[in-house]
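Breakdown of the fold
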Amino acid sequence: FIAGIFDATVAVWLPGELSALRLALPFLTVLAAFSSLERAVTAAFVSGVVLDALAPSSAGVVTIRYILVALAVSSLSQTLFTNRSLLGAQALGLFALAFDRALLFIFSFAARRIVPDVIPEIRPSLWVEAVWIAVVMAIVFVLFAAFTRRFLPPLSRTLAGRGRPD
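So, here's what we can say about the structure. Computed from a predicted structure; not experimentally measured.

According to the stated counting rule, one finds two salt bridges in the structure shown. Here Glu129 makes a salt bridge to Arg101, at a shortest N to O gap of 2.6 Å. Note that Glu129 is positioned in helix H6 (residues 126-148) and Arg101 in helix H5 (residues 86-114), a separation of 28 residues in sequence. The exposure class of Glu129 is buried, given its relative accessible area of 4%. Here Arg101 falls in the buried class, since its relative accessible area comes to 18%.

With ten of eleven residues buried, helix H2 (residues 24-34) is to be regarded as a mostly interior element. Among the residues making up H2, those that are buried are Ala24, Leu25, Pro26, Leu28, Thr29, Val30, Leu31, Ala32, Ala33 and Phe34. Considering only its buried residues, H2 is in contact with helix H1 (2-9), helix H3 (37-54), helix H4 (62-79), H5 and H6.

Let's shift gears to the environment of Val136. On the secondary structure map, Val136 appears in helix H6. The spacing of Val136 and Leu21 is 115 residues in sequence and 9.9 Å in space, taken between C-alpha atoms.

Moving on, we get to the packing of aromatic side chains. Counted under the stated rule, the structure contains four aromatic pairs. Ring geometry for Phe34 versus Phe144: centroids 5.5 Å apart, planes at 75°, classification edge-to-face. On the criterion of sequence distance, the pair formed by Phe34 in helix H2 and Phe144 in helix H6 is long-range, its members being 110 residues apart. For Phe144, a relative accessible area of 27% gives the class partly exposed. Relative to Phe99, the ring of Phe95 lies with its centre 5.5 Å away and its plane at 10°, an arrangement referred to as stacked.

The tendency in soluble globular proteins is for nonpolar side chains to be buried as a group. In terms of nonpolar packing, the biggest core is built from 31 residues, with Leu25, Leu28, Phe34, Tyr66, Val69 and Val73 touching the most fellow members. For this core, the secondary structure elements donating two or more residues are H1, H2, H3, H4, H5 and H6. No other element matches the eight residues that H2 contributes to this core. Ignoring anything within four residues of it in the chain, the contact list for Val69 reads Leu25, Leu28, Ala96, Phe99, Asp100 and Leu103.

What counts and what doesn't
Residues numbered from 1 in each chain as written. Predicted model: local features only at pLDDT ≥ 70, side-chain atom pairs only at ≥ 80, totals over all residues. Heavy atoms only, no water. Salt bridge = Lys/Arg side-chain N within 4 Å of Asp/Glu carboxyl O. Helix = DSSP H or I, 4+ residues; strand = E, 2+ residues; numbered from the N terminus. Buried < 20%, exposed > 50% of the residue type's maximum accessible area, 1.4 Å probe, protein only. Contact = heavy atoms within 4.5 Å. Phe/Tyr/Trp six-rings, centres within 6.5 Å; stacked < 30°, edge-to-face > 60°. Core = buried A, V, L, I, M, F, W, Y, C linked by side-chain atoms within 4.5 Å.

This is the structure we're talking about:
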C-alpha cells in the first residue's frame, strides 16, 4: 500500500531520472522471488489498485500488469532461477522490469486504439530504472543472506569436520 502511494504521489513528481526511484515493482519482485506467491500477488494487487486510482494516467492498467509480473517472476524463480544467487536475483529484477515495460506497451497500444485521447503513463529511462532495480535486488539479496542465512552454500562433508577424503 505504502509503495503504491509513494509511486503515485512522490516518485512521479521527482525531477528528471530520479523518478525511477519507484518502490512497488521492486517490492513485488522481491516478494515473488524470495517469499510466497500469495504475498506477491497481494502486494501487486494492492499497489496496483492504489496506482490505478491515484496516478495521473489512464492507460496503465497497473493492477493487471503487476499481477502478471508477480506470477511470471514467481514462476521463473521456482523453475529457472532456483539457485538463489545474486545474479539470479538481479536477473529476476531485470526480467520483471522488461516484462512490465512490454505489458505497458501492449496495454497502452490497445488503449490508444480504443480511446484515442488516453493519458499515457510517464516512465523514466529504461536504463535508469534497470540500474535502480538491480541495486534494490542486490541490497535485498545481501540483507537476506546476512540476516536469514538462507542463501549460504551447503558445506561438503569434508569441510564439515569429517576429515579429508582418502
